[in-house]
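Residue-level structural notes
The primary structure of each chain is shown beneath.
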Amino acid sequence: MRRGFIFDLDGVITDTAKYHYIAWKDLGATLGITIDPVFNEQLKGISRMDSLDRILAYGGKETVYSKEEKEQLAEKKNNHYVELLQTLSPADLLPGVKEFISQAKERKIPCAIASASKNAPVILEKLGVTGYFSYIVDPDTLNRGKPDPEIFLKAAAALAIQPQEAVGFEDAQAGIDGINAAGMYAVGIVENEKLLGADQLVYRLDELAIDELLKK
């Protein structure tokens with residue numbers, strides 16, 4: 001029996017990938033690195049610093065910057081991203097999300113956010129859904145990023161449930177791998193990736209019947 005839901009944010013609750021892409025692309029341009037949408041797919045579901053490392057490696061500049069300089073570059077990207085986020089509103093929730101989390105709240109099923117985004121609290125506030133989530137994992141408290149299961153295990157512990165009692169929702173392969181490693185039931189939100197290893201695949205959350213999902 002499942003007793004709690006754990007959600008990734010980008011690509012599951014809302015889609016801020018376009019803002020990440022704009023911010024990374026603009027930063028890359030200042031470094032002489034051209035980022036296209038195909039390469040940008042590699043940045044889904046991973047942390048800010050890991051994304052920067054991949055971009056620098058892609059541009060052949062992985063050894064050019066010191067740790068401090070890389071932190072400054074990541075902060076510059078994030079500031080630009082946060083500026084872009086100011087236009088977010090409840091209209092930016094992905095189709096079916098509000099219906100699904102409303103049903104979960106009615107059934108008193110605790111929900112958590114397990115996202116690599118340090119901006120999750122402000123994003124949820126802009127979307128008007130903060131009250132639907134009991135806990136948001138702070139990425140700064142983690143030692144390892146996805147596909148390591150740490151973020152999902154921390155979310156389950158915060159909801160006071162065992163990992164095997166949780167359902168995890170992800171749109172990226174690294175996230176599905178992390179959910180599986182945590183021993184949770186994995187629901188993949190399909191967009192471009194095939195999401196190998198997911199227990200169930202859907203295009204939007206309201207395709208799921210909550211009562212049936214809880215029995216998985």
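The rules behind each value
Residues numbered from 1 in each chain as written. Predicted model: local features only at pLDDT ≥ 70, side-chain atom pairs only at ≥ 80, totals over all residues. Heavy atoms only, no water. Buried < 20%, exposed > 50% of the residue type's maximum accessible area, 1.4 Å probe, protein only. Helix = DSSP H or I, 4+ residues; strand = E, 2+ residues; numbered from the N terminus. Pairing = 2+ DSSP bridges. Core = buried A, V, L, I, M, F, W, Y, C linked by side-chain atoms within 4.5 Å. Contact = heavy atoms within 4.5 Å. 1 Å grid on protein atoms, 1.4 Å probe; cavity = no way out; pocket = protein on both sides within 12 Å on 5 of 7 lines; lining within 4 Å. Points joined across faces, edges and corners; volume = space filled by probe spheres on them. Nonpolar A, V, L, I, M, F, W, Y, C, P; charged D, E, K, R; others polar. Phe/Tyr/Trp six-rings, centres within 6.5 Å; stacked < 30°, edge-to-face > 60°. Lys NZ or Arg CZ within 6 Å of the ring centre and 35° of its normal.

Attention shifts here to the pairing of strand β4 (residues 166-170). Judged by how many residues are buried, β4 sits mostly within the fold: five of five residues are covered. A two-sided burial pattern is seen for β4, the buried positions comprising A166, G168 and E170 on one face and V167 and F169 on the other. Examined bridge by bridge, strand β1 (residues 4-7) and β4 share four bridges and lie parallel to one another. Counterpart to F7 in the pairing with β4 is F169.

Moving on, we come to unusual backbone geometry. The amide bond that connects K146 to the next residue, P147, takes the cis arrangement and shows omega of 15°. Its location among the elements puts P147 in the loop between β3 (135-136) and α7 (150-158). Of note in this structure, L195 is not a glycine but carries a positive phi near 55°. For L195, a relative accessible area of 3% corresponds to the buried category.

Further remarks concern the nonpolar core. Residues F5, F7, I13 and F169 are the most contacted members of the largest nonpolar core, which totals 36 residues. If we ignore the near neighbours within four places in the chain, the residues touching F7 are V12, I13, F100, I101, C111, A112, I113, A114, F133, F169 and L205. Counting 18 residues, the second-largest nonpolar core is a separate cluster that includes I6, A114, L159 and I161.

Take the layout of surface pockets next. Taken as a whole, the largest pocket encloses approximately 540 Å³ of empty space. Together, 30 residues line the largest pocket, and D10, H20, L43, K44 and G45 are the ones closest to its centre. Counting residues per element, the ones that place at least two in the lining of the largest pocket are α1 (17-30), α3 (48-58) and α4 (67-85). With four residues, the single largest contributor to the lining of the largest pocket is α1. Looking at the lining of the largest pocket residue by residue, the class counts come to seven nonpolar, eleven polar and twelve charged. In this structure, the second largest pocket occupies an estimated 290 Å³ of space. Along its surface, the second largest pocket is lined by 16 residues, and S47, A116, P139, L142 and G145 are the ones closest to its centre. With three residues, α3 is the single largest residue contributor to the lining of the second largest pocket. Residue classes in the lining of the second largest pocket are distributed as six nonpolar, four polar and six charged.

Next up on the list: the packing of aromatic side chains. In total, this model carries eight aromatic pairs according to the counting rule given. With 5.4 Å between their ring centres and 90° between their planes, F5 and F169 make a pair best called edge-to-face. Of this pair, F5 sits in strand β1 while F169 sits in strand β4, and the two are 164 residues apart along the sequence. What links up through ring pairs into an aromatic cluster is the set F5, F7, F100, F133 and F169. If you follow K77 out to its NZ or CZ, it ends over the ring of Y81, 4.6 Å from the centre. Sitting over the face of the ring of Y132, K105 holds its NZ or CZ atom 4.9 Å from the ring centroid.

Keep in mind that these numbers describe shape and distance, not what the molecule does.
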